[in-house]
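A look at the structure
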Amino acid sequence: MATGTIRYWAAAKEAAGIAEEPFEAATLGELLAEVTRSRGELAKVIRRSSFLVDGDPVGRRDHATVELRRGSTVEVLPPFAGG
């Protein structure tokens, strides 16, 4: 089981009500299930978000296969508006 920090940006930060929090999870899928467990609005935002794990984009990989390490930082990046 890895421990680290999950950081929320933009709409994810608003939905979570905090900028970051510690986590304990083995995979990105496990982490996302945990942080959205009783946070319906955050779950909606996360479904549309992309993720960085230790600075590397997750892309379309299955979140259950993305392993987290001790000290990992997970960034939640919702779609940004702009032009």
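Bear in mind that the values here come from a model prediction, so they are computed numbers and not experimental data. (Residues numbered from 1 in each chain as written. Predicted model: local features only at pLDDT ≥ 70, side-chain atom pairs only at ≥ 80, totals over all residues. Heavy atoms only, no water.)

**Focus: the overall build of the protein**
When its secondary structure is counted, the protein shows 3 helices and 5 strands. The C-alpha atoms of the protein give a radius of gyration of 12 Å, which matches the 12 Å a tight globule of 83 residues would have. Viewed in the frame of its principal axes, the protein has a C-alpha envelope of about 35 × 25 × 20 Å. Looking at the 83 residues of the protein, the share that counts as buried comes to 37%. Nonlocal contacts in the protein, meaning residues at least 24 apart in sequence, comprise 59% of its contacts between residues at least 6 apart. Accessible area of the protein: about 5,200 Å², with a carbon and sulfur share of 49%. (Helix = DSSP H or I, 4+ residues; strand = E, 2+ residues; numbered from the N terminus. Rg over C-alpha atoms; globule rule 2.2 N^0.38 Å. Buried < 20%, exposed > 50% of the residue type's maximum accessible area, 1.4 Å probe, protein only. Contact = heavy atoms within 4.5 Å. Areas by Shrake-Rupley, 256 points an atom, 1.4 Å probe, with all protein chains shown as cover.)

**What to know about the pattern of salt bridges**
Under the definition given, this model contains 6 salt bridges. Where Glu41 meets Lys44, a salt bridge forms, and the shortest distance between an N and an O atom there is 3.7 Å. One end of the pair, Glu41, and the other, Lys44, are both in helix H3 (residues 40–47), 3 residues apart, so they sit about a helical turn from each other. Looking at Lys44, the relative accessible area reads 42%, which means it is partly exposed. Of the charged contacts in the structure, one is a salt bridge between Asp54 and Arg69, with a shortest N-O distance of 3.0 Å. Taken together, the residues span a long stretch of sequence, with Asp54 in the loop between strand E3 (50–53) and strand E4 (56–57) and Arg69 in the loop between E4 and strand E5 (72–77) at a distance of 15 residues. Judged by its relative accessible area of 56%, Arg69 falls in the exposed class. One salt-bridge network, in which partners are shared between bridges, spans Arg7, Glu20 and Glu75. (Salt bridge = Lys/Arg side-chain N within 4 Å of Asp/Glu carboxyl O.)

**Description of the sheet that holds E3**
The strand order across the open sheet built from 5 strands is E2-E1-E5-E3-E4, with neighbouring strands paired in mixed fashion. The open sheet has two free edges, formed respectively by strand E2 (20–25) and E4, since each of these has just one partner strand. Across 2 bridges, E3 lies against E4 in antiparallel orientation. Considered in E4, the bridge of Val53 is made with Asp56. Lying over the sheet, helix H2 (residues 28–36) contacts strand E1 (2–8), E2, E3 and E5, oriented at roughly 125° with respect to E2. (Pairing = 2+ DSSP bridges. Axes fitted to C-alpha atoms, helices over the stretch in contact; angles between N-to-C directions.)

**Concerning unusual backbone geometry**
Located in the positive-phi region is Ala10, a residue other than glycine, with phi close to 55°. Tracing the backbone shows Ala10 in the loop between E1 and helix H1 (11–16). Among the residues examined, Ala10 registers a relative accessible area of 40% and is labelled partly exposed. Residue Asp54 is not a glycine yet carries a positive backbone phi of 55°.

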